[in-house]
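Listed below, chain by chain, are the residues.
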Amino acid sequence: MTDHALLLVNLGSPASTSVADVRRYLNQFLMDPYVIDLPWPVRRLLVSLILVKRPEQSAHAYASIWWDEGSPLVVLSRRLQQQMTKQWAHGPVELAMRYGEPSIESALVRLVAAGHKRITLAPLYPQFADSTTTTVVEEARRVLRDKRLDVQLSVLQPFYDQPEYLDALVASARPHLQQDYDHLLLSFHGLPERHLKKLNPGHSFEGGGDCCAGAPPEVVATCYRGQCLRTAAEFARRMGIADGKWSVSFQSRLGRAKWIEPYTEARLDELAKSGVKKVLVMCPAFVADCIETLEEIGDRGKEQFLEAGGEELVLVPCLNDEAQWAKALATLCERAPLAL
């Protein structure tokens, strides 16, 4: 019997589209200090205000993309888990969510109780951010410490520039990019600028320029925006997409703080007003389709683009449970270093 388990971790989802379940999920998500990095009293007050109206709005959005099997993110993550069982020969493959169920705690406790002494933790985020990668790793460390679990932990590193990931991304997107189109927009999840400045105090992120594209390796190692730009540029190069026919933007802003630019909403307006009639949109910060891709881009983004004068917006699916992606992920997890 092999004893090296693999634990895949994605963001998570409400248990249902009810307002109560959405409120519970949003409270857990937004109260994470790695998501809203403000002192607890300020964060608690802010989140309480957000939870007055946001759960009902979000519940409606979730309902518009919910599948018969449940949350698309959870369903697709479970399908990837099934694919990974064919690729990971060292032991079982489990799935957890940072927020909601199944929890990281329940998965780790179950694996250790089953006798597994080695676990590779795989945060399913290509690019690094404290609000994604770090919070997953720190939650796993908390569980191991609080539950006194004796296990050797390895952690998958951000894979934004790894050939296996990029090859899988190209293979997955290629059939969708064979159609005629005017422009490809690579829309990544946004972050408040202060998250980046906190990790790289001497680096400027003002104005959404190209500073991150040319940042030195020590900055890019913790620069989410720089990693997004490198993923996009390498994808375009591998696909042979000409400069000017593709661009990058950042979506999902929340609150009044300054977020990294350019904003997806503004970019869609600019493209439509510049004469772009058909735009394809990819979301390479996500490995599974979810509310941010299906509803925010596929529904609201499409409506906005059409209202601005465009004629067609096509959402390119995420990697989801593609076989080549599962094979690539297994290879990346094989290289995961031991956690300190």
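Not measured: the values here are computed from a predicted model.

Moving on, we get to the nonpolar core. Soluble globular proteins tend to pack their nonpolar side chains together in the buried interior. Core analysis: the biggest nonpolar cluster contains 111 residues, and L8, L177, L184, Y224, F235 and W325 have the highest contact counts within it. Dropping the residues within four chain positions of it, F235 is found in contact with L169, V170, A173, L177, L184, L186, I241 and M282.

A few words now on the sheet that holds strand 4 (residues 152-155). Taken together, the 4 strands give an open sheet; going across it, the order is 2-1-3-4, and neighbouring strands pair in parallel fashion. Pairing within the sheet leaves two strands with one partner each, and these edge strands are strand 2 (93-99) and strand 4. For this sheet, the mean inter-axis angle between neighbouring strands, taken without regard to orientation, is 25°. Strand direction decides the pairing type here: strand 1 (residues 4-12) and strand 2, joined by 6 bridges, are parallel. If you follow N10 over to strand 2, its bridge partner there is M97. The sheet contacts of helix 3 (residues 72-87) involve strand 1 and strand 2, and relative to strand 2 the element is tilted by about 155°.

Take the sheet that holds strand 6 (residues 246-251) next. One open sheet holds the 4 strands; their spatial order is 6-5-7-8, and the pairing between them is parallel. Each end of this open sheet is capped by a strand with a single partner; those strands are strand 6 and strand 8 (312-315). In this sheet, adjacent strand axes meet at a mean angle of 30° when their direction is disregarded. As paired elements, strand 5 (residues 183-189) and strand 6 share 6 bridges and run parallel to each other. Counted as the bridge partner of L185 is S247 from strand 6.

Sequence positions flagged by UniProt for "binding site: Fe(2+)" (unreviewed entry) are, in local numbering, H189 and E292. A maximum C-alpha distance of 8.2 Å places the annotated residues, which cover 104 residues in sequence, within one compact spot. As for its placement among the helices and strands, H189 is situated in strand 5. Sequence-distant contacts of H189, defined by excluding residues within four places in its chain, comprise Y224, F250, Q251, S252, W259, A285, F286 and E292. Relative to the elements of secondary structure, E292 occurs in helix 11 (residues 291-294).

Helix-helix packing: each pair is described by the crossing angle between the helix axes and the interaxial distance. Relative orientation of the contacting elements helix 1 (residues 19-30) and helix 2 (residues 40-65) amounts to 135°, with a least axis distance of 8 Å. Judged by the angle between their axes, helix 1 and helix 2 are oblique. At the point where helix 1 passes helix 2, the crossing takes the right-handed sense. On helix 2, the residues that touch V19, V22, R23, Y25, L26, N27 and L30 of helix 1 are R43, R44, V47, I50, L51, V52, R54, P55, E56, S58, A59 and Y62. Each residue belonging to the contact of helix 1 with helix 2 can be placed in one class, and the counts come to 12 nonpolar, 2 polar and 5 charged.

Two aromatic rings are characterised by how far apart their centres lie and by the angle between their planes. For the structure on display, the rule yields 7 aromatic pairs. Summarising the aromatic geometry, the rings of F29 and Y99 are spaced 5.1 Å apart at their centres and angled 65° between planes, so their arrangement reads as edge-to-face. Highlighted residues: F29 in helix 1 and Y99 in strand 2, separated in sequence by 70 residues. For Y99, a relative accessible area of 1% puts it in the buried group. Here F159 and Y165 contribute two aromatic rings whose centre-to-centre distance is 5.2 Å and whose plane-to-plane angle is 70°, an arrangement assigned as edge-to-face. Of the residues examined, F159 reaches a relative accessible area of 0% and is grouped as buried. Of the residues examined, Y165 reaches a relative accessible area of 1% and is grouped as buried. Here the aromatic residues Y25, F29 and Y99 are joined through ring pairs into a cluster of three or more. Above the ring of Y181, the side-chain terminus of K245 is found at 4.4 Å from the ring centroid. Lying over the aromatic face of Y263, R253 brings its terminal NZ or CZ to 3.7 Å of the ring centre.

Attention now goes to helix 10 (residues 264-273). Buried residues of helix 10: T264, R267, L268, L271 and A272, and no others. The buried side chains of helix 10 occupy one side of the element, clustering within an arc of 130° when seen end-on. Residues of helix 10 that are buried in the fold lie against strand 5, strand 6, strand 7 (278-282), helix 12 (296-307) and strand 8. Directly after helix 10, the chain includes G275, whose backbone phi takes a positive value near 105°.

Definitions and limits used
- Throughout this document, residue positions are counted from 1 along each chain, in the order its sequence is written.
- For a predicted model such as this one, the threshold for reporting local features is a pLDDT of at least 70, and the threshold for listing and counting side-chain atom pairs is 80 or more; totals across whole chains, interfaces and linings nevertheless cover every residue.
- Derived side-chain values reflect all non-hydrogen atoms in the structure, with water molecules and hydrogen atoms excluded from consideration.
- Throughout, nonpolar core names a set of buried Ala, Val, Leu, Ile, Met, Phe, Trp, Tyr and Cys residues whose side chains join them through atoms within 4.5 Å.
- Buried residues are those whose accessible area, probed at 1.4 Å on protein chains only, stays under 20% of the maximum for their type, while exposed residues exceed 50% and partly exposed ones sit between those limits.
- Contact between two residues is taken to exist if any of their heavy atoms lie within 4.5 Å; hydrogens are not considered.
- DSSP calls a pair of strands paired once it identifies at least 2 bridges connecting them.
- Under the scheme used here, helices are H or I runs from DSSP no shorter than 4 residues and strands are E runs no shorter than 2 residues, and both carry numbers assigned from the N terminus.
- Every axis corresponds to a line fitted to the C-alpha atoms, with the helix fit spanning only the stretch in contact, and the corresponding angles, defined between N-to-C directions, vary from 0 to 180 degrees.
- UniProt positions are given in the numbering used here, feature names are shortened, and annotations may be inferred rather than shown by experiment.
- Convention used here: angles under 35 degrees read as roughly parallel, angles over 145 as roughly antiparallel, angles from 65 to 115 as roughly perpendicular, and any remaining angle as oblique.
- Helix crossings are classified by the rotation of the near helix relative to the far one: an anticlockwise turn of less than a right angle makes the crossing left-handed, while a clockwise turn makes it right-handed.
- Classes in brief: Ala, Val, Leu, Ile, Met, Phe, Trp, Tyr, Cys and Pro nonpolar; Asp, Glu, Lys and Arg charged; the others, Gly included, polar.
- In summary, the pairing rule links any two rings of Phe, Tyr or Trp, Trp by its six-membered ring, whose centres are within 6.5 Å, and it sorts them by plane angle into stacked for under 30 degrees, edge-to-face for over 60 and tilted for everything else.
- We count a charge as sitting over a ring when the NZ of a lysine or the CZ of an arginine lies within 6 Å of the ring centre and within 35 degrees of the ring normal.
- Arc definition: it is the arc formed by the directions from the helix axis to the C-beta atoms.

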